[in-house]
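Per-entry structural report
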Amino acid sequence: MNSSALFGTYARSELAFVKGEGCWLETADGRRFLDFAAGIAVNSLGHAHPHLVTVLQEQAAKLWHVSNLYTVPGQERLGRRLIEATFADRVFFTNSGAEAMEACIKTARRYQYANGSPERYGIITFEGAFHGRTLATIAAGGQAKYLEGFGPKAPGFTQVPFGDLDALKAAIDETTAAILIEPIQGEGGIRPVPHDFLRALRTLCDTHGLLLIFDEVQTGVGRTGKFFAHEWSGITPDLMGIAKGIGGGFPMGACLATEEASACMVPGTHGTTFGGNPLAMAVGNAVLDVVLADGFIDGVARKGLSLKQKIASVIDTHPHVFETVRGEGLMLGLKCRVPVSEVVLAGRAQGLLSVPAGDNVVRFLPPLTISEEDMDEAVSRLDAAAAAVEGAIAKETSA
Ligand SMILES: *Cc1c(COP(=O)(O)O)cnc(C)c1O
């Protein structure tokens, strides 16, 4: 047993950062790391963004929290801006991604209940999905490793194989309420869902009276080069969970819904003490000041293409380490031929931070504000990391 005061839930690195600026993180002893993890797609504007710092400090001197007993003007403003920029008509604010997904799930079930079909509470999801770590969202994700030892899997969630339309059709029955999907699986290994598959889901939901729920907790708020990733497919959901990037590092999330889907959520049906507090709303609004400014999201798409090309050339140089690069915008996954943990560690040794994912993929999720120079620097560090991995392989085979 080590002497930590904390739960042993995380297999943490010993790296401890004390300072951040833009795309860079610094340890107490002055080592600098290029941050292509961005707090797992959270630090959308990098670290210590001047606008976020100013807004947070100003709000901190005024008002932090009042609860949802009262009108919170920041909620009205951020909600209005979100609905003006998306399919949605209504917003419910939460503190995290899992809570945003819980709000989506509860709203979908309540919608069917309020429309005379209380027996319809089933949610169909996809293998490899990740929707959070609450009891309902681990059931939604359906991954054995997250469910084991936590009692019976919460009822009402069925997983079908990724991209399997026939299995999906077969899974729909008179108890189905909704279909829930990430437009690009994040944790599952940056697996993009084909656009025509998303369009087929919309049609199926319309045909069977189901709600379509998108989990854009990781893909949202400009990450893929659109405000939300589903915009690439041309269709819209009825409900959508967001979090991560909207707070830029401040914990917050939201459930976005059409008028029709949200009409059932009347006073008393749902709530949160902290969700949407003035401090969070100030930061969320400040993030949107930057992300929704003219040209910002197009810039993310452009940078994403450029980074993807640069990574592809690293794959060409190291075909025994890497296989392919996939993803959209600044949400890229590099499929590895060696264990992904080795690549992440070799990257860290070169001062490059990344995130492992399923399917033996390393995730690159840099701040959306990244410069071309920092992308070049990251790619050269990735190249050095790959060379180090190759060196280790060569040593093993000669030994
Ligand atoms: C991170 C994530 C969640 C959970 O968010 P938390 O804030 O950790 O609760 C849900 N869905 C997706 C797609 C995520 O990436």
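Per an unreviewed UniProt entry, the protein chain goes by Acetylornithine aminotransferase and derives from Breoghania corrubedonensis. Its UniProt record gives the protein chain the following Subcellular location (unreviewed entry) comment, quoted word for word: "Cytoplasm". UniProt annotates the protein chain under Catalytic activity (unreviewed entry) with the comment "N(2)-acetyl-L-ornithine + 2-oxoglutarate = N-acetyl-L-glutamate 5-semialdehyde + L-glutamate".

What to know about the sheet that holds strand S6 (residues 157–160)
For sheets, the rule is that strands pair by backbone hydrogen bonds, running either parallel or antiparallel. Spatial ordering of the open sheet is given by S4-S12-S11-S10-S7-S5-S6, a layout of seven strands whose pairing is mixed. Of all the strands in the sheet, the pair left with one neighbour each is strand S4 (90–94) and S6. Strand-to-strand, the axes of this sheet are offset by a mean angle of 20 degrees, without reference to chain direction. The pairing of S4 with strand S12 (residues 253–257) spans five bridges and is classified as antiparallel. Of the residues in S12, the one forming a bridge with Thr94 is Gly253. In this fold helix H3 (residues 73–85) packs onto S4, strand S11 (239–242) and S12, with an angle of close to 125 degrees to the strand it touches most, S4.

Thoughts on the pairing of strand S3 (residues 32–35)
Of the strand pairs in this sheet, strand S2 (residues 24–27) and S3 are connected by three bridges, and their pairing is antiparallel. For Glu26, the partnering residue across the bridge sits in S3 and is Arg32. In sequence, S2 turns back onto S3 through a hairpin of four residues, with Gly30 there showing a positive phi of about 85 degrees. As judged from the two bridges shared by S3 and strand S15 (residues 352–353), these two strands associate in the parallel manner. Note on S15: the bridge partner recorded for Asp35 is Leu353.

Concerning the UniProt feature "binding site: pyridoxal 5'-phosphate" (unreviewed entry) in the protein chain
Following the UniProt record, one finds the feature "binding site: pyridoxal 5'-phosphate" (unreviewed entry) at Gly97, Ala98, Phe130, Asp215, Glu216, Val217, Gln218 and Thr273. Sequence-wise these annotated residues cover 177 residues; spatially they are dispersed, their C-alpha atoms as much as 25.1 Å apart. In the annotation above, Gly97, Ala98, Phe130, Asp215, Val217 and Gln218 are the residues that line the largest pocket. By secondary structure assignment, the location of Gln218 is in the loop between strand S10 (211–215) and S11. Residue Gln218 is classed as buried on the basis of its relative accessible area, which comes to 9%. Not counting residues up to four positions away in its chain, the partners in contact with Gln218 are Ala41, Gly186, Glu187, Arg223, Lys244, Met331, Arg363 and Leu365. Within the fold, Thr273 resides in the loop between helix H9 (259–262) and helix H10 (278–291).

About the criteria used
- Residues numbered from 1 in each chain as written.
- Predicted model: local features only at pLDDT ≥ 70, side-chain atom pairs only at ≥ 80, totals over all residues.
- Heavy atoms only, no water.
- UniProt positions renumbered as here; feature names shortened; annotations may be inferred.
- Pairing = 2+ DSSP bridges.
- Helix = DSSP H or I, 4+ residues; strand = E, 2+ residues; numbered from the N terminus.
- Axes fitted to C-alpha atoms, helices over the stretch in contact; angles between N-to-C directions.
- Contact = heavy atoms within 4.5 Å.
- 1 Å grid on protein atoms, 1.4 Å probe; cavity = no way out; pocket = protein on both sides within 12 Å on 5 of 7 lines; lining within 4 Å.
- Buried < 20%, exposed > 50% of the residue type's maximum accessible area, 1.4 Å probe, protein only.

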